[in-house]
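Below are the chains, spelled out letter by letter.
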Amino acid sequence: SKKALETVSVARATPEMIPELTQIVNWAYRGEGGWTTESDILTGRRTTEQELTEIVARCSSTADEAFFAAIVDGKPVGCVRVVKESDCEAEI
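The shown structure was predicted, so the numbers you read here are calculated from the model rather than taken from an experiment.

Procedures and definitions
- Residues numbered from 1 in each chain as written.
- Predicted model: local features only at pLDDT ≥ 70, side-chain atom pairs only at ≥ 80, totals over all residues.
- Heavy atoms only, no water.
- Salt bridge = Lys/Arg side-chain N within 4 Å of Asp/Glu carboxyl O.
- Helix = DSSP H or I, 4+ residues; strand = E, 2+ residues; numbered from the N terminus.
- Buried < 20%, exposed > 50% of the residue type's maximum accessible area, 1.4 Å probe, protein only.
- Pairing = 2+ DSSP bridges.
- Axes fitted to C-alpha atoms, helices over the stretch in contact; angles between N-to-C directions.

Student: So what about the pattern of salt bridges? Which residues, and what values?
Tutor: Per the stated rule, a full pass over the model turns up 3 salt bridges. Note that R81 is salt-bridged to E65, the shortest N-O span being 2.6 Å. Placement of the pair is R81 in strand β3 (residues 75-86) and E65 in strand β2 (residues 65-72), with a sequence separation of 16 residues. A relative accessible area of 33% means that R81 is categorised as partly exposed. Residues D87 and K84 are paired through a salt bridge, measuring 3.4 Å at the closest nitrogen-oxygen approach.

Structural data, given as structure tokens:
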């Protein structure tokens, strides 16, 4: 059975989460059964641990970008990156 959503928490992504978040992003965009797939138009990995390491580092030094992880039972299960575009717009 599936766990209740009340057990999900959200926190800023940390360097320790990067290996799991890399797998999650690549599965979501390139794997079968992800929320979307780009596998019919692109091949290879969507992201790398190096790219996410750079994003996490950049997010810790700016207020214009944030990278969050959804966490269940202490493990990342999803993520979202938010980038400020203007005073009233952001890209997710």
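Student: Pulling in residues and values, what's your account of the sheet that holds strand β4 (residues 89-91)?
Tutor: Judged by pairing direction, the sheet is antiparallel, and its 4 strands sit side by side in the order β1-β2-β3-β4 without closing on themselves. The outermost strands of the open sheet, each flanked by one partner alone, are β1 (9-12) and β4. The average angle at which neighbouring strand axes cross in this sheet is 35 degrees, direction not considered. Relative to β2, β1 runs antiparallel, the two sharing 4 bridges. By the bridge assignment for β2, A11 is matched with A69.

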